Amino acid sequence: MADAALPMAPRLLPRRLLPDGEGLILLAVVAYLALFTLWPLGRLLAEALAPNAEGELLGLLRDQWQSRSFTRALQNTLEASAFATVLSVALGTSMAFLLALTDVRAKTALTFVLLLPLLIPPQITALSWLELTGPSSPILNLLGLAAAPGTTNPLYSREGIVLVMGIEHATLVFLAVRAGLRHLPRDLVEAARLAGAKPLRATLSVIAPLAFPSILAGAALAFVSAIGNFGVPALLGIPGRYPMLTTLIYRRLNGFGPSILGEVAAIAVVLILLAVGGLALRALFSRWSRSAVERSSAPLQPFALGRARLPVEAGIWLVLAVIALLPLTALVASSLTPALGVPLNLHTATLDNYRFAIFSQAASHRAFMNSLMLAAATAVVSAAIAIPLAYLSILRRRPLARALDLVADTPYAIPGTVLAIGIILVYLPPLPGLGVSIYGTIWILLVAYLARFLTLALRPVTAGMETLEPALDEAARVAGAGPLRRIWSIVLPNVAPAAAAGGLLIFITALNELTVSALLWSSGKETIGVMIFALHYEGNSPAASALATATVAITLLIAFALGLLGRRLPDGAVPWRA
Amino acid sequence: MARVRFEAVTKRFGRTNAVDAVSLDIRRGEFLALLGPSGCGKTTLLRLIAGFETPDAGTISFDDTIVGQASRSVAPEDRGLAMVFQSYALWPHMSVAENVGFSLSVRRVARPERERRVSEALAAVGLQDFASRRPHELSGGQRQRVALARCLAMRPGIVLLDEPLANLDTHLRETMQREFRRFHGESGATFVYVTHDQTEAMSMADRVAVMDRGQLQQVGHPRDLYREPSTEMVARFVGRGMVVPVEVERSHDGFCEVRLDGLLVCVLGAAKEPGPGLACLRPENLEIAAPGDDVLCGPVVDTSYQGAATIVTVLVAGVGELRVQHTGTPPRLGEQAGVRVLDAWLLPS
Ligand SMILES: Nc1ncnc2c1ncn2[C@@H]1O[C@H](COP(=O)(O)OP(=O)(O)OP(=O)(O)O)[C@@H](O)[C@H]1O
Ligand SMILES: [Mg+2]
């Protein structure tokens, strides 16, 4: 079969001592994630599981769990999150059913309003609600319904937290249920209708049971988000004396400083456990919802509402007006008010608050610039890391890169408070070799942002990478191109829109960040989120509202750009197009 | 132009041996077709040559340099070969000219030289007017030509082709087959051409290597594969052969006398000693005859019209179904027919 033996002994390959180009890139990504993610999270766990002062095994953990303030905060967290989740499920599910299954009009506009909470951070939502319901509420005053001056805002309470978080996280349930309904095959419903079921009956007996797992998956996600929420409990719960786990950690660190890092790490472990448990449940429910319907077919045909359409539409708009548009209007109105308590009308309206908050007040101006810079840097660096990481895990199928993919998700899946503690633990001591600490500088904020938001760039880039045929990369290898050249000439041009989308997503999220910044900022290194919080506490809510309104405006502008870009992106690249 | 040598190469995916102890010598400048049923390991063998896969055992060498073995392997980008992918793998964001010139710019070929070679390659495939188009603005056949031009511009010593014509219609396929032959002749490169279409393999290649379940069955000139298959699999796969049990009586000078259902027939091939064996029959070497003692007999169970001829299937007791190529009016279904064996081949035991 084979021809005559080779005339001479073949030359042996030199044994390779160093990793090849691709190995080096992988090593760089490993180092990046180890530095920003694995090390802080590992340190946090080690710290929390350490013995206490008496040297008892897991003593720190036990001491904390037995303390009264911890049990109270834990109970509050579970209670408020559970109630908020019920509200989210009721709102999100009904909206998803109405929008996906009926022929109501203006679905794009309705969806946009429903998705606003993805763009507007919790602390701004909470602030808007405070402006809407407080004694100086420009809208309630207009209607003559405002509480008497001096009364406490009713939202400073458990009910207030439940209401705002419930509305905030309804979007997550809405998205989950809508995705579930989209995957239901049309013929199941058609068969039910041929069997004589009217639309309502078909919905209740066929669609609702099949959508149930996705409702549960959405609920689990809403619950996890509520547990880790900081903005709402911070704005409503601290004045309302309703401590939750995230605010307990915040107040302890603020009050006692880094000396109690071990103790707060122990509290943080509980947050991690709750988040991981919730996310595991969500994964379970998602799998279940996919297995319930394994076929794909044409999507559901919306039911005609007939004469009920107008009343239903009016109802939806009314609900959305109350939960989304009114608070935002109150926020804008408050930002135009010359001073607290002065009634707002065409003559009194002023832009002074904007001038003050963005330009003339030094700290606030600094915060604005800091956040812009941090958001831009995080966006660019994360997109730049996401591309080689997704390349190695998707196109090159390197097992290590696939594991890193999961690592990159973690800092965003767990509550930001937890990540911040890990970052402090690692970066408070002077950096080895350099002898300086980045704690108290803007760099620690950048490190935390890089860890937390990488996944937001990685998801769209991964989705984009999955549409690329591996043979495109292989053809370039055959043509002699090394790994960097392939990433630059073949991969980058094809995933650039997805990377840009990820970058913009990070930019708006980082611009609005509060949870992590609240624990890592220092004087002179403020961020917008921190500043809104501070201005509100100083009692300057017009200025807080102005800063918040400006941020929302920037966010919406970028979201609009993202929408334009969205047409060139694969499905799932932008969260609200899932 | 290089010689590619496999020595006892095995590649496993989990439990399956995609390539199983293959030894194969691909000669300098030859056109070798890799033929086999789906899933037999053709693509894996090709990817081993390209360096996308590393062997689990054995060595692969180009000329006198080992390029692949379990412990170390030369990266595909350093092997200096070219490949035409089944999906063409044209880079969607580059124009036709950029696609063709990419490997040259990677190798830092100076611009004037690069442009000259790109336009030469495009002219060779008749696409000089399409240089600035994007791949999605081309038809399937044109994309195929771009993929070929991209190969040629590299002036590689080895060209690998993985079912390059699978996505084209029959007419275009024949045209492209001729072009591939022509380019093989002009470039002088070693061509390794994967296909599961035996007509394609037989008509294009200098030699054909038949694979089955990861193992190399036979390598040889197309004519030899057809006339003298060495295994049952090759006999059945190439030329739709039928393998039937026979009893060898005597063997001499490359001929054998065998008993086929009691009937004594003379077939080509050699047997070491008398006894049971297997013979390969082909429809075109059988003939329908009047039933009698000097032919195999049985009822006609199927007739299938093929244009120039009809394939008549006769069920012969003790032998099985025999397909016979028949011109003229075919016998009716159920009628008794005789089958005369004109030529046959005894498989080596
Ligand atoms: N990356 C892989 N991972 C796991 N199994 C693989 C992989 N590539 C190939 N195989 C398996 O190896 C065997 C040979 O596959 P290969 O692609 O080489 O076949 P082929 O002859 O090219 O088939 P086809 O004609 O269908 O293209 C098959 O059983 C296939 O399932
Ligand atoms: Mg194949």
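Residues numbered from 1 in each chain as written. Chains lettered and ligands numbered in written order. Predicted model: local features only at pLDDT ≥ 70, side-chain atom pairs only at ≥ 80, totals over all residues. Heavy atoms only, no water.

## Let's talk about the site of ligand 1
Residue and element names in this part refer to chain B.
Next, step 1: Near ligand 1 the following residues occur: F13, A18, S38, G39, C40, G41, K42, T43, T44 and E163.
Next, step 2: Between S38 and ligand 1, the recorded distance is 2.6 Å, taken from a side-chain N or O atom to an oxygen atom.
Next, step 3: Relative to its unbound accessible surface of 630 Å², ligand 1 loses 58% to contact with the protein.
Next, step 4: At three residues, helix α1 (residues 42-50) tops the list of elements feeding residues into the shell around ligand 1.
Next, step 5: Here the shell around ligand 1 is composed, by residue class, of three nonpolar, five polar and two charged. (Near = heavy atom within 4 Å. Polar contact = N/O pair within 3.5 Å; in protein donor to acceptor, adjacent residues only side chain to side chain. Areas by Shrake-Rupley, 256 points an atom, 1.4 Å probe, with all protein chains shown as cover. Helix = DSSP H or I, 4+ residues; strand = E, 2+ residues; numbered from the N terminus. Nonpolar A, V, L, I, M, F, W, Y, C, P; charged D, E, K, R; others polar.)

## Quick word on the UniProt feature "domain: ABC transmembrane type-1" (unreviewed entry) in chain A
Residue and element names in this part refer to chain A.
Next, step 1: The sites that UniProt annotates as "domain: ABC transmembrane type-1" (unreviewed entry) are residues 74-282 and 368-566.
Next, step 2: End C-alpha to end C-alpha, residues 74-282 measures 21 Å, and it is 78% helix and 0% strand.
Next, step 3: Segment residues 368-566 splits into 80% helix and 0% strand. End C-alpha atoms: 28 Å apart. (UniProt positions renumbered as here; feature names shortened; annotations may be inferred.)

## Points about the sheet that holds strand β7 (residues 158-162) of chain B
Residue and element names in this part refer to chain B.
Next, step 1: Across the sheet, six strands lie side by side as β6-β7-β8-β3-β9-β10; this open sheet has mixed pairing. A single partner strand is all that each edge strand has here, and the edge strands are β6 (82-84) and β10 (215-220). In this sheet, adjacent strand axes meet at a mean angle of 20° when their direction is disregarded.
Next, step 2: The pairing of strand β9 (residues 207-212) with β10 spans five bridges and is classified as antiparallel. When the sheet's bridge partners are listed, D212 is paired in β10 with Q215.
Next, step 3: Each of β6 and β7 touches helix α4 (residues 140-153); the most contacted strand, β6, lies at about 175° to it. (Pairing = 2+ DSSP bridges. Axes fitted to C-alpha atoms, helices over the stretch in contact; angles between N-to-C directions. Contact = heavy atoms within 4.5 Å.)

## Details of the interface of chain B and chain A
Next, step 1: Facing 41 residues of chain B, the contacting portion of chain A comprises 33 residues.
Next, step 2: When chain B packs against chain A, the two sides together hide about 3300 Å² of surface, and 58% of this comes from carbon and sulfur.
Next, step 3: Area buried by chain B at its contact with chain A is led by D64, R72 and E77 of chain B, which between them contribute 21% of it.
Next, step 4: The residue R477 of chain A makes a salt bridge to E77 of chain B at a minimum N-O spacing of 3.0 Å.
Next, step 5: Applying the counting criterion to the chain B and chain A interface returns nine residue pairs in polar contact (both at pLDDT 80 or more).
Next, step 6: Every element with two or more residues in the side of chain B that touches chain A is listed here: β5 (65-69), β6, α2 (96-106) and β10 of chain B. (Buried area = accessible area lost by both parts, 1.4 Å probe. Salt bridge = Lys/Arg side-chain N within 4 Å of Asp/Glu carboxyl O.)

## Section: the sheet that holds strand β15 (residues 286-289) of chain B
Residues and elements named next belong to chain B.
Next, step 1: Spatial ordering of the open sheet is given by β15-β19-β16-β17-β18, a layout of five strands whose pairing is antiparallel. On the outer flanks of this sheet lie β15 and β18 (320-326), each paired with one strand and no other. Going across the sheet, the axis of each strand differs from the next one's by a mean of 45°, ignoring polarity.
Next, step 2: As paired elements, strand β17 (residues 310-316) and β18 share seven bridges and run antiparallel to each other. In the strand pairing of β18, V312 is matched with V324.

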